[in-house]
Amino acid sequence: QIETTDQQVDAFLRVDAEGAQAAAAKIDEQPIDVANLLAGMPIGIKDNLLTDGVITTAASKMLANFKPVFDATVVEKLKAKEAIMIGKTNLDEFAMGSSTETSAFKKTKNPWDLTKVPGGSSGGSAAAVASGEVVAALGTDTGGSIRQPAAFNGIVGIKPTYGRVSRWGAIAFASSLDQVGVFSRNVADNATVLEAISGHDEKDSTSANLPVPNYRAALNGDIKGMKIAVAKEYMAEGVEPGVKAQIEAAIETFKSLGATVDEVSLPHSQYAVQTYYIIASSEASSNLSRYDGIRYGYRSPEAKTLEEVYVKSRSEGFGDEVKRRIMLGTFALSSGFYDAYFKKAGQMRTLIIRDFEQVFADYDLVVGPTAPTTAFELGDKVTDPVTMYMNDILTIPANMAGLPAMSVPAGFADGMPVGLQIIGKAFDEETVYRAGYAFE
Ligand code: GLN
């Protein structure tokens, strides 16, 4: 399927056919363990997750030849369950973007309409699942990078609670927000793969030491009496009428399944995008300081002095969007502006968290659209960063508060898929899955 489809979709940066075949052959030699649903499952891995011996680039020239010597914990866990790592999927450079167009290597297309973007930053993973190239794929979500491409591709994508899944071996973008999650075509597959990658990891100090529930057991179709909140801010002007109509239909479906649905307010979500771009860019500017042309990664062949090694390697190795974030973040953290920007953003983050706490005191879930629009045309927003940033307005709040959030397919608008976003309480992926399963 990859051979025939990927020439058009361009979801993969690298396919490890040999490695995948060797892993599959090994499984064939063993007795079948019927309890292990992952054995032999072909899985795509976003190219910002380290894979032992397989080049991992974060879609950046900076890491074009970087071959990790160990697996990310999530990859190690999948391999332990005998899932098959089939290849590395395209993304926005260092996961910075919403369309996968900032990749230094190729542009992934939306399999529903090849003139449109697959969303981002995990656009390759989403397109690979949507086009039937893999059963599931891993992505990362810092501000929406799993949910928005899941919505644009008509598939299921979950960002788990911050701390549920180890970030060890995930190339850092914004460490207080980054979380690894799963793409799949249905909720049951999603729950299966998330369960396999979840759990405490002593190599990630932010991973939570909590037992991992049996997510599949939550999929019983029963949501009677569930209390669902719809944030009015998530249904405001910027949301396209076609998208809004599908979400309103989804709300009726939840009611018909026996849930109660009320409108609530998350008043500070209007500041989420601004807050996010200060926090995420600040953390990125710090995380990306490791790419200095010395330790690893790209080194400019032109550099003659130490200063030139730094400046030329970073100037030539990073693309425009990454440089924009480094400049924004460095500015926001600088001593003269720290209080006005970074500190204030931290305060606003607390208010966003409190909004959710108040709603979750009375409700089980918050639902709304995943993105204000369906997939847009390739090239449409890439030269206009602020318009691109605004596409994440509905996904960013859950990252700010560290909450689990999933996008499930909710019909079409003008022929393109719409995503319904389901946000849950911290570490309550089960309720998110239960509602998503009942709905799909
Ligand atoms: N689109 C957002 C950004 O550009 C989110 C990216 C992500 O979640 N990795 O930062």
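As the structure is a computational prediction, the values presented were derived from the model and not from experiment. (Residues numbered from 1 in each chain as written. Predicted model: local features only at pLDDT ≥ 70, side-chain atom pairs only at ≥ 80, totals over all residues. Heavy atoms only, no water.)

1. Notes on the sheet that holds strand β11 (residues 416-424)
- Here we have 11 strands laid out as an open sheet, ordered β1-β3-β2-β4-β6-β5-β10-β11-β9-β7-β8, and mixed in their pairing. Strands with a single pairing partner mark the edges of an open sheet, and in this sheet they are β1 (12-15) and β8 (260-264). Recorded for the sheet is a direction-independent mean angle of 30° between the axes of neighbouring strands.
- Here strand β2 (residues 42-46) pairs with strand β3 (residues 84-89) via 5 bridges, running parallel. (Pairing = 2+ DSSP bridges. Helix = DSSP H or I, 4+ residues; strand = E, 2+ residues; numbered from the N terminus. Axes fitted to C-alpha atoms, helices over the stretch in contact; angles between N-to-C directions.)

2. A short note on the pattern of salt bridges
- Counting across every chain of the model gives 14 salt bridges.
- Between E252 and K255 there is a salt bridge, and its shortest N-O distance comes to 3.5 Å. Of this pair, E252 and K255 both sit in helix α7 (residues 241-256), separated by 3 residues, roughly a single helical turn.
- Judged by its relative accessible area of 45%, E252 falls in the partly exposed class.
- Between D292 and R295 there is a salt bridge, with the nearest N and O atoms lying 3.2 Å from each other. (Salt bridge = Lys/Arg side-chain N within 4 Å of Asp/Glu carboxyl O. Buried < 20%, exposed > 50% of the residue type's maximum accessible area, 1.4 Å probe, protein only.)

3. Side note on empty space enclosed by the protein
- Counting across every chain of the model gives 4 cavities of 30 Å³ or more.
- Along the wall of the largest cavity there are 13 residues; nearest its centre are G97, G143, S145, Y276 and D392.
- Looking at side-chain class alone, the lining of the largest cavity contains 5 nonpolar, 6 polar and 2 charged residues. (1 Å grid on protein atoms, 1.4 Å probe; cavity = no way out; pocket = protein on both sides within 12 Å on 5 of 7 lines; lining within 4 Å. Points joined across faces, edges and corners; volume = space filled by probe spheres on them. Nonpolar A, V, L, I, M, F, W, Y, C, P; charged D, E, K, R; others polar.)

4. Focus: the site of the ligand
- What surrounds the ligand is a group of 15 residues, the closest being G143, S145, Y276, R325 and D392.
- With respect to the ligand, the backbone of G144 contributes an N or O atom lying 3.3 Å from an oxygen atom.
- Residue D392 places a side-chain N or O atom 2.6 Å away from a nitrogen atom belonging to the ligand.
- Considered on its own, the ligand offers 290 Å² of accessible surface; in the complex 100% of this is hidden by protein.
- Spatially, the ligand is embedded in the largest cavity. (Near = heavy atom within 4 Å. Polar contact = N/O pair within 3.5 Å; in protein donor to acceptor, adjacent residues only side chain to side chain. Areas by Shrake-Rupley, 256 points an atom, 1.4 Å probe, with all protein chains shown as cover. Sits in = over half its atoms within 2 Å of the grid points.)

5. Things to note about helix α1 (residues 2-9)
- Those residues of α1 that fall on the buried side of the exposure criterion are I2, T5, D6 and V9. Along the axis of α1, the buried positions cluster into a sector of 100°, meaning they face one direction only. Relative to its buried face, α1 has exposed residues pointing more than 90 degrees away, namely E3, T4 and Q7.
- Residues of α1 that are buried sit in contact with β1, β3 and α4 (123-130).
- After α1 finishes, the residue D10 shows a positive phi value of roughly 55°. (Arc of directions from axis to C-beta. Contact = heavy atoms within 4.5 Å.)

6. Things to note about the UniProt feature "active site" (unreviewed entry) in the protein
- According to UniProt, the positions carrying the feature "active site" (unreviewed entry) are K46, S121 and S145. Spatially, the listed residues are clustered: although they cover 100 residues, their C-alpha atoms lie within 10.9 Å of one another. Within this annotated set, the largest cavity is lined by S145.
- Its relative accessible area of 0% is what places K46 among the buried residues. (UniProt positions renumbered as here; feature names shortened; annotations may be inferred.)

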